Amino acid sequence: MSRVDVRRLGSRAVRIRVTPGTVEALRAHLAAEPLPGQRELIPGGETVTVLFDGARFAREAERVLSAMAPPEPLVADGPLVEIGVVYDGEDLQDVAELLGTDTAGVVRMHTERLWQVGFLGFAPGFAYLRSTEPGPEIARRASPRVRVPAGAVGLAGEYSAVYPRTSPGGWQLIGRTDAELWCLDRDPPALLVPGTRVRFTAVRERVAVPQAPAPSAPGPAPARGLRVRATGLQSLVEDLGRPGHAAIGVTGSGAADRGALRQANRLVGNPEHAAGIENAGGGVELVAVGEQVVAVSGAEAELVVETPDGHWRTVERGRPFALDDGDLLEVGPVTAGLRVVIAVRGGIDVPPVLGSRSTDTLAHLGPDLITAGVVLPVGRAPRTVVGAPETALPVPDGSRPTVLCVTPGPDAELFPDGAWEHLLDEEWEVTPQSDRVGVRLTGRPLARADGEVRSQALVPGAIQVPPSGEPVVFMVDHPTTGGYPVLAVVAEADLDRLAQLPLGSAVSFADGG
């Protein structure tokens, strides 16, 4: 191969495919000599994806990288981490039979080899470890487990990994460890980062797998804030997210409809990144604790303010309004769109996690889901004026198909002829299984791509096609990497409309050039 294989992944990302043994060499080279506008590097099984600050930087990088010679493999020389393992996993005997050895042979195979972190994905701190020496590939379990405990050590394909938290999983479990793979008090939080070398050692004593700490006693209620009387289907605290951590398995998250959050914050005079409330479907009820200034954007819904003495008035999206102490804001069921965004002057002032106050529903990072009865604290009011009324941003109402522009994805050539036209010609329906991780669509299934792809980076708007042939369009809480081919990517300008698609509504795709 005289050139590396370079493909665009949406407008701001470039994916470089190399041989698996040179992924770390390419990642290390780009980390040491970053390209103009380079923001993040996300290694995969045989790719490195580079995220840029804008489309202009991505276009220039595509040209530069396409002329690059393939990197030479690196001798593993990253920091060495030793992990003690009790080899008593549920699948240890099955793995031994697969390899034609006994359980002691599996332990020797695992401990005598040096491993290196290739990439992180699936969950924060979940590192895919590739051996520096050739070895057998282990098939995943035919039926994944619903619950794999934190600290479980597993094998799948050419990789080994340690589950940093309890989660579903289909890897073959051979042991367990008490090593703390993920800790927010550590910098970086992930124990294993790309390039790190790992040596597993067998230990005899029983390892106590760390348990989640008991929840702390609630502190005093905030003197100023919004008391939640009802949450509707789901209400979350969201700001503009936590970019910059994809390499350790943490996606950007943040508000699903970023334009709506920015608008609501402008209206109350906040910085655009201030945290607000994202509610799905309406039905949220908030009582002012102290005087507040509030604005609502996003999905259409009736907005009613009721005073403690029973008087009420309607208010409008796109206009700031005042709440006196004890006033109740009621958001009715949505009539167009899906997600209501509520900003309060001063912002929701919960503790940030990795620089963001956003709730990541997949990684379980950030504030807990909002529950009835809590008082959300409000920060100090900014020294700015309240914004002038604005026209409410349009949202899909479900009366006709929503058209989203797409560009070909980096794996489009893996699909049979006609798959791209099929994607564009079909009218797809948003299923009830859609959430902040992905919009799941149903329709006439797409033809399956030829061959498989190794886990590789994803971005919001990436359209992945699983074996069912029914596409999944990834949203803000998407996993950082995925193992199904990406046929197309939704244009960045259409991501907010993607977030507002009502469940059951029709959507079609148009070639965005």
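These numbers were taken from a predicted model, which means no experiment stands behind them.

A. Just the overall build of the protein, in detail. The number of helices and strands found in the protein is seven helices and 31 strands. Relative to the 2.2 N^0.38 estimate, which gives 24 Å for 513 residues, the radius of gyration of the protein is 24 Å and therefore close to what a compact globule would have. Overall, the protein is about 80 × 55 × 40 Å in size when its C-alpha atoms are taken along their principal axes. Across the 513 residues of the protein, 54% fall into the buried class. When the accessible surface of the protein is split by element, carbon and sulfur atoms take 52% of a total near 22200 Å².

B. Seen up close, the pattern of salt bridges. Overall, the coordinates contain 29 salt bridges when judged by the stated rule. We note a salt bridge from R8 to E62, for which the minimum N-O separation is 3.4 Å. Taken as a pair, R8 in strand β1 (residues 5–8) and E62 in helix α2 (residues 55–66) lie far apart in primary sequence, 54 residues in all. Within the structure, one salt-bridge network assembled from shared partners comprises R15, R17, E46, R130, E158, D411 and R454.

C. The side chain of R242, seen in detail. Topologically, R242 is positioned in the loop between β15 (234–238) and α5 (258–268). Among buried Asp, Glu, Lys and Arg side chains, R242 stands out as unpaired, with D360 the closest opposite charge at 4.9 Å. At 3.0 Å, the side chain of R242 and the backbone oxygen of V353 are in polar contact. A polar side-chain atom of R242 sits 2.9 Å from the main-chain carbonyl oxygen of S358.

D. Region of the structure containing unusual backbone geometry. Of the consecutive residues D187 and P188, the connecting peptide bond is found in the cis state with omega at 0 degrees. Assignment of secondary structure puts P188 in the loop between β12 (172–176) and β13 (197–202). The phi angle at S253 is positive, at roughly 55 degrees, despite the residue not being glycine. Note on placement: S253 falls in the loop between β15 and α5.

E. Just the domain arrangement of the protein, in detail. Domain boundaries assigned for the protein yield domain 1 (5–67), domain 2 (80–202), domain 3 (225–377) and domain 4 (402–511). Computed over C-alpha atoms, the centres of domain 1 and domain 2 are 27 Å apart. Taken together, the contact between domain 1 and domain 2 spans six residues of the former and seven residues of the latter. At the boundary of domain 1 with domain 2, total buried surface from both sides reaches about 520 Å², with 54% on carbon and sulfur atoms.

F. A look at α5. Among the eleven residues in α5, eight count as buried, and that is most of the element. Buried within α5 are the following residues: G259, A260, L261, Q263, A264, N265, L267 and V268. Here the buried face of α5 lies against β15, β16 (276–280), β18 (292–306), β21 (328–344) and α7 (495–499). Capping of α5 at its N-terminal end is provided by D257; its side-chain oxygen lies 3.3 Å from the backbone amide nitrogen of G259. Looking one or two residues past α5, G269 carries a phi angle of roughly 85 degrees, positive in sign.

G. Quick look at the UniProt feature "domain: Carboxyltransferase" (unreviewed entry) in the protein. The feature "domain: Carboxyltransferase" (unreviewed entry), as given by UniProt, occupies residues 4–192 and 247–513 in the numbering adopted here. Here residues 4–192 runs as 21% helix and 31% strand, with 27 Å between its end C-alpha atoms.

H. Structural context of the sheet that holds strand β4 (residues 47–52). Strand order across the open sheet formed by four strands is β1-β2-β4-β3, with antiparallel pairing between neighbours. Among the strands making up the open sheet, the edge pair consists of β1 and β3 (38–43). Averaged over all pairs of adjacent strands, the angle between strand axes in this sheet comes to 20 degrees, irrespective of strand direction. Across the sheet, α2 lies against β1, β2 (13–17) and β4, angled at about 165 degrees from β1, the strand it touches most.

I. Inspection of helix α1 (residues 23–32) at higher detail. Among the residues of α1, those classed as buried are V23, E24, A25, L26, R27 and L30. Where α1 is buried, its residues touch β2, β3, β4, α2 and β6 (115–120).

J. How the structure looks around the sheet that holds strand β27 (residues 462–464). In space, the seven strands of this closed barrel follow the order β23-β30-β27-β28-β25-β24-β31, with mixed pairing throughout. Taking the axes of each pair of neighbouring strands and ignoring which way they run, one obtains an average angle of 40 degrees across the sheet. As paired elements, strand β24 (residues 428–430) and strand β31 (residues 506–511) share two bridges and run antiparallel to each other. Bridging from a neighbouring strand, W428 pairs with V507 of β31.

K. Broad picture of the side chain of N270. Structurally, the position occupied by N270 is in the loop between α5 and β16. A relative accessible area of 8% places N270 in the buried class. Within polar-contact distance, the side chain of N270 engages the backbone oxygen of V344 at 2.9 Å. One polar contact links the side chain of N270 to the main-chain amide nitrogen of G346, over a distance of 2.8 Å. Among residues more than four places away in sequence, those in contact with N270 are N265, V344, R345, G346, G347 and P382.

L. Molecular detail of the pairing of β31. Looking at chain direction, strand β23 (residues 402–408) and β31 are connected through five bridges and run parallel. Considered in β31, the bridge of T402 is made with V507.

M. View of the environment of L155. Note that L155 resides in strand β9 (residues 152–156). The class for L155 is buried, based on a relative accessible area of 3%. When the C-alpha atoms of L155 and I174 are compared, they prove to be 7.4 Å apart, with 19 residues separating the residues in sequence.

Rules and cut-offs
Residues numbered from 1 in each chain as written. Predicted model: local features only at pLDDT ≥ 70, side-chain atom pairs only at ≥ 80, totals over all residues. Heavy atoms only, no water. Helix = DSSP H or I, 4+ residues; strand = E, 2+ residues; numbered from the N terminus. Rg over C-alpha atoms; globule rule 2.2 N^0.38 Å. Buried < 20%, exposed > 50% of the residue type's maximum accessible area, 1.4 Å probe, protein only. Areas by Shrake-Rupley, 256 points an atom, 1.4 Å probe, with all protein chains shown as cover. Salt bridge = Lys/Arg side-chain N within 4 Å of Asp/Glu carboxyl O. Lys, Arg positive; Asp, Glu negative; His and termini not counted. Polar contact = N/O pair within 3.5 Å; in protein donor to acceptor, adjacent residues only side chain to side chain. Domains from an automatic or database assignment. Contact = heavy atoms within 4.5 Å. Buried area = accessible area lost by both parts, 1.4 Å probe. UniProt positions renumbered as here; feature names shortened; annotations may be inferred. Pairing = 2+ DSSP bridges. Axes fitted to C-alpha atoms, helices over the stretch in contact; angles between N-to-C directions.

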